[in-house]
Amino acid sequence: MSQTNDNTTTNNKRPAHTTTSYLPAAMKKAKSEAVASSLDRNKNGIPFRFDDPPSPTTIEDDPTNPNYDVVAHSSGGGGGVTSNLSRKKATPPHPAKKLVIKLLKAKPTLPTNFEDKTWTSLKSAISAIFLKQPDPCDLEKLYQAVNDLCLHKLGGSLYQRIEKECEIHTSAALESLVGQSEDLVVFLTLVGKCWQDFCDQMLMIRGIALYLDRTYVKQTPNVCSLWDMGLQLFRKHLSLAAEVEHKTVFGLLKMIESERLGEAVDRALLNHLLKMFTALGIYSESFEKPFLDRTSEFYAAEGVKYMQQSDVSDYLKHVEVRLHEENERCLLCLDESTRKPVIAAAERQLLECHISAIIDKGFMMLMDANRIDDLQRMYSLFFRVNALESLRLAISSYIRKTGQGIVMDEEKDKDMVSSLLEFKGSLDTIWEESFAKNEAFCNTIKDAFEHLINLRQNRPAELIAKFLDEKLRAGNKGTSEEELEGTLDKILVLFRFIQGKDVFEAFYKKDLAKRLLLGKSASIDAEKSIISKLKTECGSQFTNKLEGMFKDIELSKEINESFKQSSQARTKLPSGIELSVHVLTTGYWPTYPPMDIRLPHELNVYQDIFKEFYLSKYSGRRLMWQNSLGHCVLKAEYPKGKKELAVSLFQTVVLMLFNDAQKLSFQDIKDSTGIEDKELRRTLQSLACGKVRVLQKLPKGREVDDDDSFLFNEEFTAPLYRIKVNAIQMKETVEENTSTTERVFQDRQYQVDAAIVRIMKTRKVLSHTLLITELFQQLKFPIKPADLKKRIESLIDREYLERDKSNPQIYNYLA
């Protein structure tokens, strides 16, 4: 104790923060702030500590107020304030004395039973939570008790005690499940309830000990939260209770299998228990592995069974449904990580293992029936298992096999092109709608079609040209311009696959000539459109002659107009006859065999006058009349009425003989006209044995014999005024086909010779093998190596090439 004067003392046994003194108003505020600060710190339960020695503070006498002398000492560590104040009489000032306060070294201590007493109340609460019993202790007090233990650095002990208590109850809960109901659904329900109770209980315990989680757990490494600690305990004792874990997994697998077999199951329970496995961190090891194994076994057995019992269409639908079910089950019940492996397992057992069987059993059937939806399903399922290559090979094989039946059957040549177009159209539809416009499949279809169209070297090219002729003829009136254009585009697709395009060109050129000369073209615009398309495909060299034919037709119209306006035509032409002449350039048109016939006098006069006019206008040219393509319109007078007959030039020559005779024999007609025997028989057959019989044949019959006679049919009648008498269209004769084919072959020989000379002129010296290789690259039509060798020998004989003296397999070019 220290004394400053008679009136003021300070007792060192009283705590500094409880000192009472009287202050004027100006000083009370300062004291209240100091006390408030001290109380704030005390709220947190932290006892006062003085870590540093107090530093005294001396307040000297205020010179403005001699009645007061204030001396105060303040401690820096405790926040308490001790004041000594006294009122003095007016006396002479004395030297100021300092007040010194000495603090005790002893710190406050907790009661010896504080931790045990606090834990007793917490343990009681934890037991009540696990046993689902009411606890008299208030949750706020429990929370405060945990706070007090943590504040007094007892968190580690508390954590261990809570862990031990939780382990006791968790172990008991799981052991209670051992030997429970044999009914798996009931057992799973008990497990689910046990897990739900455990979660609720751990959440309540964590709520009480939240301060422990936020302080001790966070500040201490390698210590997990109360929730994670609870999960570890549950996982530990679940593994110790092996029967419970095994039975739970088995029950879950049986539940999923029951659902796959069409039974209704409690998906909420399934989801709940699987989330338990995930939360415990044993999902992959304990459940997923056996689940994937059982899935593979289930679908392996089901795949074999369904492949034997179902057709491919139903099987693919079943697979699609199964994959959808597995995906839905994964989304609703299983962990996300399981979705890919379980679907992969189902795909492997239901699809991968049966790819060959699916294709062999049903692919051709689906293609033949044009089953767009089923093929699309097959494509999408095969895509999932990377089996599109098998499907691509299957469609290639199908096209080749089916197309071979179309192309190689000579009895169906008439319908070959239309069948190919229909086949190609169905394939294009399948490619677009079923095969997702896959580029690889498109190329496969093209390659397969090219193979099958060229199985017969020249016939498909010829038939495509004739089919095109049929569509472009004037008789094809049933289609609109748009439909005709669409058909031309489809035919052009087939044309692209032809290797021997020169064969197509030869037959197309022959048919185009007939259409232009006989006026039988359905549409000049369509004719020019197909020429333009061919030019785009093959270049101007391919269509040069075809375009020249159209130019000749246009020039012929101008020449005829000029001829009709000439003085020669006005003065020398016989009356009652009109003649239209087509002047053709020999190089553009097909070559026709000359057929000399004896024309009526009027036609001979007309021809001579036209020839004189033409040569006078175009000197240096030569005209050669082609009578086989001429056609006429004759006016005929029958007893029952006048008619106009549209006939060929040969038919005209025969009919005009009956102006001077009522009856003529076959030999008489032949001698008078000079028409070749076969052509004459065809002509008479068309006039006397066809649908329109303007002549009568004696005796009656379908064939024309040497002894037959012919009469003018006076009984002829017809409802129409103008009647077309169709010539008997014999099937393409062997001679005509051979002639066209020979011309193509001859042209090919010229092209081969030119190619050999062109190559050798550039290389000078070349081996036989390299020469053959370059020829195959340059020639645009198929040719055999033996034929190339013949052409090389021909050029050696003609001294364009020579064999090297040291090596006969090497050729030298002779300049």
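Remember, predicted model here, so these are calculated numbers, not experimental data. (Residues numbered from 1 in each chain as written. Predicted model: local features only at pLDDT ≥ 70, side-chain atom pairs only at ≥ 80, totals over all residues. Heavy atoms only, no water.)

Enquirer: Looking at this model, I keep getting lost on the overall build of the protein. Mind explaining?
Expert: Tallying secondary structure elements over the protein gives 30 helices and 11 strands in all. Considering only contacts in the protein between residues 6 or more positions apart, those separated by 24 or more positions represent 69%. Only carbon and sulfur atoms are counted for the fraction: they give 51% of the accessible area of the protein, which is about 46,300 Å². (Helix = DSSP H or I, 4+ residues; strand = E, 2+ residues; numbered from the N terminus. Contact = heavy atoms within 4.5 Å. Areas by Shrake-Rupley, 256 points an atom, 1.4 Å probe, with all protein chains shown as cover.)

Enquirer: Would you mind going over the pattern of salt bridges with me for this structure?
Expert: Two side chains of opposite charge can pair, provided their charged atoms sit close to one another. Within the structure shown, the criterion is met by 43 salt bridges. Between Asp 374 and Arg 371 there is a salt bridge; the shortest N-O distance is 2.8 Å. On the basis of relative accessible area, Arg 371 is assigned to the partly exposed category, the value being 31%. Close ionic contact of Arg 459 with Asp 413 constitutes a salt bridge, the shortest N to O distance being 3.1 Å. Placement of the pair is Arg 459 in helix 18 (residues 459–472) and Asp 413 in the loop between helix 15 (388–407) and helix 16 (416–433), with a sequence separation of 46 residues. Classification of Asp 413 by relative accessible area gives buried; the value is 9%. Through salt bridges with shared partners, a single network forms among Glu 259, Arg 260, Arg 267, Glu 326 and Arg 329. (Salt bridge = Lys/Arg side-chain N within 4 Å of Asp/Glu carboxyl O. Buried < 20%, exposed > 50% of the residue type's maximum accessible area, 1.4 Å probe, protein only.)

Enquirer: I tried to follow the nonpolar core on my own but got confused; where do I start?
Expert: A general tendency of soluble globular proteins is for nonpolar side chains to be buried together. Ile 162, Phe 287, Phe 363, Ile 399, Phe 449, Phe 504 and Tyr 508 are the most contacted members of the largest nonpolar core, which totals 147 residues. Leaving out residues up to four positions away in the same chain, Phe 504 has contacts with Ala 461, Ile 464, Ala 465, Leu 468, Phe 495, Leu 534 and Phe 542. In this structure, Tyr 638, Phe 658, Ala 688 and Val 692 belong to the second largest nonpolar core, which totals 33 residues. (Core = buried A, V, L, I, M, F, W, Y, C linked by side-chain atoms within 4.5 Å.)

Enquirer: Any chance you could explain helix 3 (residues 139–151) here in plain terms?
Expert: A turn of α-helix holds 3.6 residues, and therefore any two residues three or four places apart point the same way. With 13 residues, helix 3 should reach 18 Å at 1.5 Å per residue; the first-to-last C-alpha distance of 18 Å fits that figure. Of the residues making up helix 3, those classed as buried are Leu 142, Ala 145, Val 146, Asn 147, Leu 149 and Cys 150. Packed against the buried residues of helix 3 are helix 2 (114–131), helix 4 (155–175), helix 5 (184–208) and helix 6 (210–219). Between the side-chain oxygen at the start of helix 3 and the backbone nitrogen of Glu 140 there is a gap of 3.0 Å, and the oxygen is on Asp 138. Positive phi shows up at Lys 153, right after helix 3, with a value of about 65°. (Expected span 1.5 Å × (residues − 1). Polar contact = N/O pair within 3.5 Å; in protein donor to acceptor, adjacent residues only side chain to side chain.)

Enquirer: So what exactly am I meant to see when it comes to the sheet that holds strand 6 (residues 695–698) here?
Expert: Hydrogen bonds between backbone atoms are what pair the strands of a sheet, whose relative direction is either parallel or antiparallel. The antiparallel open sheet is built from three strands, whose spatial order is 5-7-6. Two strands bound the open sheet, and with one partner strand each, they are strand 5 (663–665) and strand 6. Strand-to-strand twist across the sheet, computed as the mean angle between neighbouring axes with direction ignored, equals 25°. Bridging between strand 5 and strand 7 (residues 709–712) involves three bridges; their strand directions are antiparallel. The partner of Leu 664 across the bridge, within strand 7, is Phe 710. Along the sheet face, helix 27 (residues 677–688) touches strand 6 and strand 7 and points at about 110° away from the line of strand 6. (Pairing = 2+ DSSP bridges. Axes fitted to C-alpha atoms, helices over the stretch in contact; angles between N-to-C directions.)

Enquirer: How should I be thinking about the side chain of His 768 in this particular structure?
Expert: Take His 768: it is sitting in helix 29 (residues 768–778). Once residues within four sequence positions are removed from consideration, His 768 is found in contact with Lys 789, Ile 792, Gln 809 and Tyr 811.

Enquirer: Looking at this model, I keep getting lost on the environment of Ser 806. Mind explaining?
Expert: In this fold, Ser 806 is placed in the loop between strand 10 (801–803) and strand 11 (810–813). Residue class for Ser 806 comes out exposed when judged on its relative accessible area of 67%. Of note is the side chain of Ser 806, whose polar atom sits 2.4 Å from the side chain of Asp 804.

Enquirer: Mind showing me how you'd approach the packing of aromatic side chains here?
Expert: What characterises a pair of aromatic rings is the spacing of the ring centres plus the angle enclosed by the ring planes. Summed over all chains, the structure comprises 27 aromatic pairs. Between the aromatic rings of Tyr 159 and Tyr 216, the centroid separation amounts to 5.8 Å while the plane-to-plane angle is 50°, which identifies the pairing as tilted. Of this pair, Tyr 159 sits in helix 4 while Tyr 216 sits in helix 6; the two residues are 57 residues apart in sequence, bridging distant segments of the chain. Among the aromatic residues, those joined into a cluster by ring pairs are Phe 563, Tyr 606, Phe 610, Phe 613, Tyr 614, Tyr 618 and Trp 625. Geometry around Phe 187 places Lys 247 over its ring, the cationic atom sitting 4.5 Å from the centre. It is Arg 260 that lies over the ring of Phe 298; its NZ or CZ is 5.6 Å from the centre. (Phe/Tyr/Trp six-rings, centres within 6.5 Å; stacked < 30°, edge-to-face > 60°. Lys NZ or Arg CZ within 6 Å of the ring centre and 35° of its normal.)

Enquirer: What exactly am I supposed to notice about a negative patch on the surface here?
Expert: The grouping of Glu 481, Glu 482, Glu 483 and Asp 525 at the surface amounts to a negative patch. Here the element with the most residues in the negative patch is helix 19 (residues 481–497); it accounts for three residues. Residue placement: Glu 483 occurs in helix 19. (Patch = residues over 30% accessible without salt bridge, like charges linked within 9 Å, V, L, I, M, F, W, Y side chains within 5 Å. Lys, Arg positive; Asp, Glu negative; His and termini not counted. Charge placed at Lys NZ, Arg CZ, Asp CG, Glu CD.)

Enquirer: It is not clear to me how the packing of helix 5 against helix 8 (residues 242–260) should be interpreted in this structure. Could you clarify?
Expert: At a minimum axis separation of 9 Å, helix 5 and helix 8 run at an interaxial angle of 120°. Between helix 5 and helix 8, the angle falls in the class oblique. When you trace helix 5 past helix 8, the crossing you get is left-handed. Residues Leu 184, Phe 187, Leu 188 and Val 191 of helix 5 form the contact with helix 8, whose own contacting residues are Val 244, Lys 247, Thr 248, Phe 250, Gly 251, Leu 252, Lys 254 and Met 255. The class makeup of the residues in the contact of helix 5 with helix 8 is eight nonpolar, two polar and two charged. (Parallel < 35°, antiparallel > 145°, perpendicular 65-115°, else oblique. Left-handed = near helix turned anticlockwise from the far one by under 90°. Nonpolar A, V, L, I, M, F, W, Y, C, P; charged D, E, K, R; others polar.)

Enquirer: Quick question: what am I supposed to make of the pairing of strand 4 (residues 641–648) here?
Expert: Within a regular beta strand, the side chains point alternately toward one face of the sheet and then the other, so they alternate between its two faces. As judged from the eight bridges shared by strand 3 (residues 631–638) and strand 4, these two strands associate in the antiparallel manner. Of the residues in strand 4, the one forming a bridge with Lys 635 is Glu 644. Hairpin connection, strand 3 to strand 4: the antiparallel pair is bridged by two residues. The sheet contact formed by strand 4 and strand 8 (residues 722–724) spans three bridges and is parallel. In the strand pairing of strand 8, Glu 644 is matched with Arg 722.

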